[in-house]
Amino acid sequence: QVQLVDSGGGLVQPGGSLRLSCVASGATFSADTMAAWFRQAPGKEREFVAAIKWSAGGTYYNEFAKGRFIISRDNAKNTVYLQMNSLKPEDTAIYYCAADRGGQAGTDLSRYDYWGQGTQVTVSS
């Protein structure tokens, strides 16, 4: 059984940066895996942020993340990262990593098999 542990959240001022990490344990991500980050702000639905194909490294971003966020992975460490730059107050949310064994989930959160516990990101002066 795969377990995802995400971390790296915190309080940051507008314009600042954070790097989130998601470590998978219990099994190694297969070549077909798609790993992703979602976020959920208070009173809002969980939304897609970015995803990466484990084997080829192809990446996908929501519009608000393009040019500011970078998703990456370290195969040897079984870890996915989300580098967030130029953070805005509207980026405040709980960020969750997720993994889809089949690699086809894309932006559809209902198709992800595993979820991290979430890490709080607060952007405020």
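Residues numbered from 1 in each chain as written. Predicted model: local features only at pLDDT ≥ 70, side-chain atom pairs only at ≥ 80, totals over all residues. Heavy atoms only, no water.

## A closer look at the state of the cysteines
This structure, assessed with the given rule, holds 1 disulfide. A sulfur-sulfur distance of 2.1 Å marks the disulfide that ties Cys-22 to Cys-97. Note on the Cys-22 and Cys-97 pair: the S-S dihedral is about 60°, so by sign convention the disulfide is right-handed. Of this pair, Cys-22 sits in strand E3 (residues 18–25) while Cys-97 sits in strand E9 (residues 93–100), and the two are 75 residues apart along the sequence. Take Cys-22 and Cys-97: they sit in the same class, and that class is buried. (Disulfide = S-S within 2.5 Å. Helix = DSSP H or I, 4+ residues; strand = E, 2+ residues; numbered from the N terminus. Buried < 20%, exposed > 50% of the residue type's maximum accessible area, 1.4 Å probe, protein only.)

## Notes on the side chain of Lys-53
By secondary structure assignment, the location of Lys-53 is in strand E5 (residues 47–53). Contacts of Lys-53, omitting those with residues within four sequence positions, involve Asp-32, Thr-33, Met-34, Gly-58, Tyr-60, Arg-73, Gly-103 and Gln-104. (Contact = heavy atoms within 4.5 Å.)

## A few points about the environment of Lys-88
Tracing the chain through its elements places Lys-88 in the loop between strand E8 (79–84) and E9. Distance from Lys-88 to Gln-13, taken between C-alpha atoms, is 8.1 Å for residues 75 residues apart in sequence. The contacts of Lys-88, once residues within four sequence positions are left out, are Arg-68 and Val-123.

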